[in-house]
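Listed below are the residues making up each chain.
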Amino acid sequence: MKVAINALQAPSGAATGAKGAAMKHTPPLRERWRGRRNLLPALLFLGLFFFAPLISLLLRGVLEPVPGLGNYEQLFANSAYARVLFNTFSVAGLVTLISVLLGFPLAWAITLVPRGWGRWLLNIVLLSMWTSLLARTYSWLVLLQASGVINKALMALGIIDAPLEMVHNLTGVVIGMSYIMIPFIVLPLQATMQAIDPMVLQAGSICGASPWSNFFKVFLPLCRSGLFSGALMVFVMSLGYYVTPALLGGAQNMMLPEFIVQQVQSFLNWGLASAAAALLIAITLVLFYFYLKLQPESPVGNSNAR
Amino acid sequence: MSAVLNDKQPARTLVSLRNLNKHYGDFAAVDDISLDIQDGEFLTFLGSSGSGKSTTLSMLAGFETPSSGEILVNGASLVNVPPHKRDIGMVFQRYSLFPHLSVRDNIAFPLAIRKRSAAERDKQVDAMLKLVQLDSFAHRRPAQLSGGQQQRVAIARALVYEPRILLMDEPLGALDKKLREDLQDELRQLHRRLGITIVYVTHDQEEAMRLSQRIAIFSHGKIVGLGSGYDLYQNPPNAFVASFLGNSNFLRIKAHGNGAASFEGQPLAMRLTPGLAEGQEVLLMVRPEKALALSVEQVAREALPAGWNEVTAKVGEVLFLGESQTCSVVTAGGTAMTVKALSAAGMPMQPGDTVKVRWAVADACVYTQWAESDLNKAAGAH
């Protein structure tokens, strides 16, 4: 999971790096590629263990069972498959929304509380992230099931008569995944908030901004970069998440990763599975492109680079 | 609306602080301050860090709530008014511009908050950009400006909504000396042109002298001196202000009747001071530039004028400081003194020479009460 964070931060870093290089005098191509032979082992490694499997997988989508785009056609035309796509997007969108709504106040609290306490809160968030994914997902199962703690408590209090169905459907998936995704929004958001000069907010209020408009006109725009990167990470991760939907979701409301596993394991339909995987990769790349386009040059980062 | 006009008008109190206190636990950051700020004046809070000047300013801005006491503006209490409703402008030490907005939008921010029409907003922002001479930088981000330019944007942002009072918290502290002096001149002219009330916080006494009409000197959460820079420097109200502002020589003398005293056994004259007991120890303060050091030959040539004092001392060190020179001397009793003169006047002494230090009786201030720590230059902070 740490890798995922780094992977998300890296492109923005690389982009600014490239911009910086472009502004400087660019040496001739031959100069820049001098010593390219040293790259060979790394390229070989990447090609052999990364690109080759990926390409062979993507090729299966257009070659099996017969060459052509039949698999993609099936994916969009079949209403059951389209339903899987719709589920995937709505769950990912809902999870992103909920984790933003819950993660934002949490990140803010971590930033605002006195130094030592903030570190404790952050450690709790990190600790939950480092606990086994399976253990956390199963514990949600325990909490949410018909005879689970939550239902029993609600029934004992007389709020409900019959147990709520909160698991083995998309509700359970959304609850479980939101919980797992919150750290991924809190970490970048908290880093952004930490960098905001509190005096800027004081300046906002002395300029006449009420706490409300100070929040929307000053604080929120300054949080934008962290909010963007966190939300994108959560959305992209949610699109491809398998374990939680498999355990907390139901058989009738599948998400794309479950669908892929089902196609491969039950029906040995590699063609359709790889077409679905390719779709997931394509969506992620498109989102990433927009992220890089929309991501403003971080205003907070700039103000700190004095 | 010029300062000249204001000088002719009878001074009208705009802000008054009444018995203002701010405690953090047992610690009194601001200790029972009462102060009247006149409409249109440039008042500076001067003090070392931790003396309570910034806390007082924060209470004026509304970022800190007084533990007790009143803040009145035009007679109305401000204590329970939140900062955004106080209609006060403020310039911060680290500029605190909105990093996500352009210069133009930064200056327009207070107007946008006040929901002024776009046309009016544009007009006022343009006028402000012209005032602070940043017309050509309107579309830049704060991060693309130098420190001095950022501070000018901050001043424009604080002035654009025409607040009654402008607070400035060490606004030039982060800039280098040359730029600071330029901006001080600009600020003084701005104040003269706009006639706005400015409360300025600084620890730099030269800056305070250069800018303000009145200075309030803070020490240990109290105002220990209040007046024009000239009065505070020439006639410090107490030994602390004397040692804090500029340099000073302190002589411990014994009073003998009215206007007479002795210093290390030599007779001295001093200003008439009421209420002195025979033999009471008092403190005499002479500014280094008011004292003269004369070599033996000079003394032989020039007799002691009437109304002047003279003590004998030995030269310790002569320093050349460019436009001025200082000479440190030690009297027979071990009292160290410094004499300062313009370089043009010349100082022919050598270390080890015996000299006579002279000063006019009228130029020496007399204090009957003082604390030892007052005489220490670094005092003033908690």
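Remember, predicted model here, so these are calculated numbers, not experimental data.

**Student:** Let's hear about the interface of chain A and chain B: which residues, and what values?
**Tutor:** At the interface, 19 residues of chain A touch 21 residues of chain B. Those elements that place two or more of their residues in the side of chain A that touches chain B are α10 (198-206), α11 (211-239) and α15 (299-304) of chain A. Top contributing element to the side of chain A that touches chain B by residue count: α10(A), with six residues. Looking at the side of chain A that touches chain B, its residues break down into eleven nonpolar, seven polar and one charged.

**Student:** Break down the sheet that holds strand β9 (residues 214-219) of chain B for me, with residues and values.
**Tutor:** All names here are of chain B. Pairing is mixed across the open sheet formed by six strands, whose spatial order is β6-β7-β8-β3-β9-β10. What marks the edges here is a single partner per strand, and that holds for β6 (88-91) and β10 (222-227). Pairs of neighbouring strands in the sheet enclose a mean axial angle of 20°, with direction left out of account. Where β9 meets β10, five bridges bridge the pair, whose relative direction is antiparallel. Bridging from a neighbouring strand, S219 pairs with K222 of β10.

**Student:** Hey, could you go over the domain arrangement of chain B for me, with residue numbers and the actual values?
**Tutor:** Residue and element names in this part refer to chain B. Per the domain assignment, the segments of chain B are domain 1 (3-240) and domain 2 (241-375). A straight line from the C-alpha centre of domain 1 to that of domain 2 covers 39 Å. Domain 1 puts twelve residues into the contact, and the matching count from domain 2 is 13 residues. Residue assignment for the side of domain 1 that touches domain 2 shows that the elements contributing at least two residues are β10, α8 (229-234) and α9 (239-244). In the side of domain 1 that touches domain 2, the residues fall into eight nonpolar, four polar and no charged.

**Student:** Tell me about the packing of helix α3 (residues 40-63) of chain A against helix α14 (residues 270-294) of chain A, residues and numbers included.
**Tutor:** All names here are of chain A. α14 packs onto α3 with a crossing angle of 120° between their chain directions and a minimal axis gap of 7 Å. For the element pair α3 / α14, the angle class is oblique. Crossing geometry of α3 relative to α14 is assigned as left-handed. Residues L57, L58, R60 and G61 of α3 lie in contact with α14, whose contacting residues are W270, G271, S274, A275, A277 and A278. Grouping the constituent residues of the contact of α3 with α14 by class yields six nonpolar, three polar and one charged.

**Student:** Quick rundown of the confidence of the model for chain A? Include the residues and the values.
**Tutor:** All names here are of chain A. Chain-level pLDDT for chain A is 83 on average; 87% of the residues reach the 70-or-more range. Per-element confidence in chain A ranges from a low mean pLDDT of 40 for helix α1 (residues 2-23) to a high of 93 for α10. Low confidence marks residues 1-24, where pLDDT is under 50. Its contacts with residues over four positions away, or in another chain, come to nine contacts. This stretch, residues 298-306, has a pLDDT under 50; its non-local contacts, to residues over four places away or in other chains, come to 18 contacts.

**Student:** I'd love a proper account of unusual backbone geometry, names of residues and values included.
**Tutor:** All names here are of chain B. Not every positive phi belongs to a glycine, and D87 is a case in point at roughly 60°. You can see D87 is positioned in the loop between β5 (76-77) and β6. The exposure class of D87 is partly exposed, given the 15 C-beta atoms found within 10 Å. For Q133, which is not glycine, the phi dihedral falls at a positive 55°. One can find Q133 in the loop between α4 (118-131) and α5 (147-159). Its 12 C-beta neighbours within 10 Å are what place Q133 among the exposed residues.

What counts, and where the lines are drawn
Residues numbered from 1 in each chain as written. Chains lettered and ligands numbered in written order. Predicted model: local features only at pLDDT ≥ 70, side-chain atom pairs only at ≥ 80, totals over all residues. Contact = placed C-beta atoms within 7 Å. Helix = DSSP H or I, 4+ residues; strand = E, 2+ residues; numbered from the N terminus. Nonpolar A, V, L, I, M, F, W, Y, C, P; charged D, E, K, R; others polar. Pairing = 2+ DSSP bridges. Axes fitted to C-alpha atoms, helices over the stretch in contact; angles between N-to-C directions. Domains from an automatic or database assignment. Parallel < 35°, antiparallel > 145°, perpendicular 65-115°, else oblique. Left-handed = near helix turned anticlockwise from the far one by under 90°. pLDDT = per-residue confidence, 0-100. Buried ≥ 20, exposed ≤ 12 C-beta atoms within 10 Å, placed from the backbone.

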